[in-house]
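Structure at a glance
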Amino acid sequence: MSPSNRLPRIDSLLSRHLATFLFLTLLAPTLPAQSPGAPDASIEKPFSEADWVDDRWSRTEVGQFLHNTVETPRRKTPKAITINIGDNNEAAVCFDTDLLRYAAAWTGGFIKLSPLRYGLMASAAPAGPIQFTTAPHPGWAKNNSFDDPRPQKLGALPRDWAKYRGLYLAGNRVVLSYTVGGTHILDSPWFESVDGLPVFTRTLEVSPADETLLLRVVDLPHTGITLAASPELTVGLLSSEKEMIGVAALSLLEKDRALEGAEDGFNLRIPPRTSPTTIKLLIAKVSQDNFPRFREWAKSQSGSIAKTRSLRELTTGGPGRWPALTTTGHVDRSDSPLAIDTITMPYENPWNALLFGSGHDFFSNGDAAVATAHRGVCGVNRLGESLS
């Protein structure tokens with residue numbers, strides 16, 4: 001039998017999962033009750049969401065980041081990347097890939113995933129107390145304006161304004177890559193605890209360009225703004241009736257840490273550059289009592305910017321994260337016109353991953369890629385003629 005009329009398939013349960021999901025989502029709510037002996041079996045039985053509460057997705061080890069929609073304060077963030085940060089994953093940030101902004105940051109955990117319909121029908125939510133947010137506007141200005149040009153405020157910014165390119169993973173560090181105009185930017189969040197004070201850091205590597213950039217760092221509605229610059233760093237404070245946020249900008253060159261107070265928040269202005277520039281932002285939710293401690297710690301960090309590890313070094317890959325699993329296959333040796341080979345999915349796995357297959361394809365060397373409904377992609381190799 002020639003390869004052209006064989007249908008390689010990744011386990012018969014893959015299509016069964018998807019078909020069952022679509023059936024229960026689209027058709028089951030309107031099917032009539034089928035209880036034997038019921039006096040009126042034609043009466044439609046309402047579909048109960050309680051029948052499809054399953055929290056296994058929330059117990060899955062997803063790694064350092066997850067693409068999803070997040071119920072962030074001020075507005076839901078679609079196409080978000082939630083990133084675990086800190087040596088022990090003590091905090092998280094939500095990066096908006098459409099607007100290239102940090103929509104929110106929080107401590108106390110990663111995200112809460114809904115158990116409704118395997119976690120596929122509801123947005124995720126921050127798992128801990130919010131530390132800072134930004135308004136749902138572009139994270140980088142164009143012609144000094146942060147006005148949102150998108151129809152219905154949905155989708156990506158125009159490509160000549162800004163464009164998300166992807167991310168790199170090196171150990172427990174995530175490095176975001178995007179362009180603003182003609183400038184390439186690497187952007188990596190992190191978290192530190194300074195004598196019990198949660199501090200979020202954001203390291204930027206900005207490529208040479210002849211354009212001035214303007215970044216929205218953080219904002220706080222109905223706030224007062226205080227800004228102080230010194231030869232070592234620039235420190236700012238946002239103060240509202242309910243909270244205070246401290247911000248500091250570190251860079252080797254004073255001109256590259258130009259924090260500006262504007263519209264209830266802080267912007268960072270980056271002038272034209274003839275060489276790559278590294279900037280580190282420090283952001284913390286503070287109080288009158290601990291803001292001096294934040295300011296002094298930020299000052300102590302000003303000399304470390306020259307020793308900061310280049311983000312470029314983190315874009316060459318890191319150690320493997322997901323050890324390979326071995327599964328079995330079966331070759332259909334029947335004489336039927338259409339033969340179906342079966343490869344068993346490793347449903348029992350160390351990460352409690354839900355493998356609801358949603359699609360697969362093959363590379364020219366015979367290896368395969370399998371996509372799952374929970375946004376996973378698995379590589380399948382060593383698919384020989386015997387599938388053994």
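Look above for the structure.
Within the secondary structure layout, N68 lies in strand β2 (residues 65-70). Exposure remark for N68: the relative accessible area of 9% places this residue in the buried category. Here the side chain of N68 touches T82 through a polar contact of 3.4 Å, side chain to side chain. Residue contacts for N68: discarding those within four places in its chain leaves T77, P78, K79, A80, T82, I111, A124 and R375.

Another aspect to go through is the sheet that holds strand β23 (residues 368-372). The strand order across the open sheet built from 3 strands is β22-β23-β24, with neighbouring strands paired in antiparallel fashion. One side of each edge strand has no neighbouring strand; the edge strands of this open sheet are β22 (357-362) and β24 (377-380). On average, each strand axis in the sheet is inclined to that of its neighbour by 20 degrees, with strand direction left out of account. In this sheet, β24 lies alongside β23 in antiparallel orientation, the contact comprising 4 bridges. Residue pairing for β24: A368 is matched across the bridge by V380.

Here we take up the packing of aromatic side chains. By convention here, two paired aromatic rings are described through the distance between centres and the angle between planes. The full count for this structure, using the stated rule, is 10 aromatic pairs. Summarising the aromatic geometry, the rings of W322 and W351 are spaced 5.5 Å apart at their centres and angled 90 degrees between planes, so their arrangement reads as edge-to-face. One end of the pair, W322, is in the loop between α2 (291-301) and β20 (329-330); the other, W351, is in the loop between β21 (339-343) and β22, and 29 residues separate them in sequence. Within the aromatic cluster, the residues linked to one another by ring pairs are F95, Y102, W140, Y164 and Y178. Here R202 stacks its cationic end above the ring of Y102, 4.0 Å away from the centre of that ring. The residue whose ring lies beneath R321 is W322, and the NZ or CZ to ring-centre distance is 5.6 Å.

What follows is about the layout of surface pockets. Space inside the largest pocket adds up to approximately 1400 Å³. Among the elements of the structure, β2, β9 (162-170), β23 and β24 are those that each provide at least two residues to the lining of the largest pocket. A breakdown of the residues in the lining of the largest pocket according to their chemical character gives 24 nonpolar, 16 polar and 4 charged.

A few words on the sheet that holds strand β19 (residues 277-286). Read from one edge to the other, the open sheet built from 8 strands follows the order β9-β10-β11-β12-β19-β16-β15-β14, with strand pairing classed as antiparallel. Here the strands that pair on one side only, and so sit at the sheet edges, are β9 and β14 (224-229). Across the sheet, the axes of successive neighbouring strands diverge by a mean angle of 20 degrees, strand direction being ignored. Here strand β16 (residues 244-251) runs beside β19; their pairing, made up of 8 bridges, is antiparallel. From the neighbouring strand, M244 faces β19, where its bridge partner is V286. Against the sheet, α2 contacts β11 (183-194), β12 (197-206), β15 (234-239), β16 and β19, and its axis sits at roughly 10 degrees relative to β16.

Enumeration over the complete set of coordinates arrives at 2 cavities of 30 Å³ or more. The computed volume of the largest cavity comes to approximately 50 Å³. Looking at the largest cavity, the residues that line it are R75, K76, T77, P78, D96, D98, L99, R101, R150, K153, L154 and G155. A breakdown of the residues in the lining of the largest cavity according to their chemical character gives 3 nonpolar, 2 polar and 7 charged. Residue lining of the second largest cavity: V93, Y102, F132, F200, T201, R202 and I283, and that is the complete set. In terms of residue count, the dominant contributor to the lining of the second largest cavity is β12 (3 residues). In terms of residue class, the lining of the second largest cavity is made up of 5 nonpolar, 1 polar and 1 charged.

Let us now look at unusual backbone geometry. Of note, the phi angle at R117 is positive, near 50 degrees, even though the residue is not glycine. By secondary structure assignment, the location of R117 is in the loop between β6 (111-112) and β7 (125-126). Backbone geometry at N144 places phi at a positive 65 degrees, although glycine is not the residue there. Tracing the backbone shows N144 in the loop between β8 (130-133) and β9.

The subject of this paragraph is the environment of R273. Mapped onto the secondary structure, R273 falls in the loop between β18 (265-270) and β19. Each residue touching R273, except ones within four places of it in the same chain, is listed here: T183, V206, S207, P208, A209, E211 and L213. A polar contact is formed between the side chain of R273 and the side chain of T183, at a distance of 3.4 Å. A polar contact is formed between the side chain of R273 and the backbone oxygen of P271, at a distance of 2.5 Å.

By size, the foremost hydrophobic cluster in this structure holds 42 residues, and its most contacted members are W140, L176, Y178, V217 and L268. Membership of the second largest hydrophobic core comes to 17 residues, among which are V70, C94, W106 and Y118.

Relative to the assigned elements, Y347 resides in the loop between β21 and β22. When the C-alpha atoms of Y347 and T327 are compared, they prove to be 10.0 Å apart, with 20 residues separating the residues in sequence.

All chains considered together, the criterion is met by 13 salt bridges. For K79, the salt bridge identified is with D98, shortest N-O distance 4.0 Å. In this pair, K79 is assigned in strand β3 (residues 77-85) and D98 in the loop between β4 (91-96) and β5 (101-107), connecting sequence segments 19 residues apart. The class of D98 is buried, set by a relative accessible area of 7%. Among the salt bridges present, the one from E313 reaches R309, with a minimum N-O distance of 3.2 Å. One network of salt bridges, in which partners are shared, links R74, R216 and D219.

Calculation rules
- Residues numbered from 1 in each chain as written.
- Predicted model: local features only at pLDDT ≥ 70, side-chain atom pairs only at ≥ 80, totals over all residues.
- Heavy atoms only, no water.
- Helix = DSSP H or I, 4+ residues; strand = E, 2+ residues; numbered from the N terminus.
- Buried < 20%, exposed > 50% of the residue type's maximum accessible area, 1.4 Å probe, protein only.
- Polar contact = N/O pair within 3.5 Å; in protein donor to acceptor, adjacent residues only side chain to side chain.
- Contact = heavy atoms within 4.5 Å.
- Pairing = 2+ DSSP bridges.
- Axes fitted to C-alpha atoms, helices over the stretch in contact; angles between N-to-C directions.
- Phe/Tyr/Trp six-rings, centres within 6.5 Å; stacked < 30°, edge-to-face > 60°.
- Lys NZ or Arg CZ within 6 Å of the ring centre and 35° of its normal.
- 1 Å grid on protein atoms, 1.4 Å probe; cavity = no way out; pocket = protein on both sides within 12 Å on 5 of 7 lines; lining within 4 Å.
- Points joined across faces, edges and corners; volume = space filled by probe spheres on them.
- Nonpolar A, V, L, I, M, F, W, Y, C, P; charged D, E, K, R; others polar.
- Core = buried A, V, L, I, M, F, W, Y, C linked by side-chain atoms within 4.5 Å.
- Salt bridge = Lys/Arg side-chain N within 4 Å of Asp/Glu carboxyl O.

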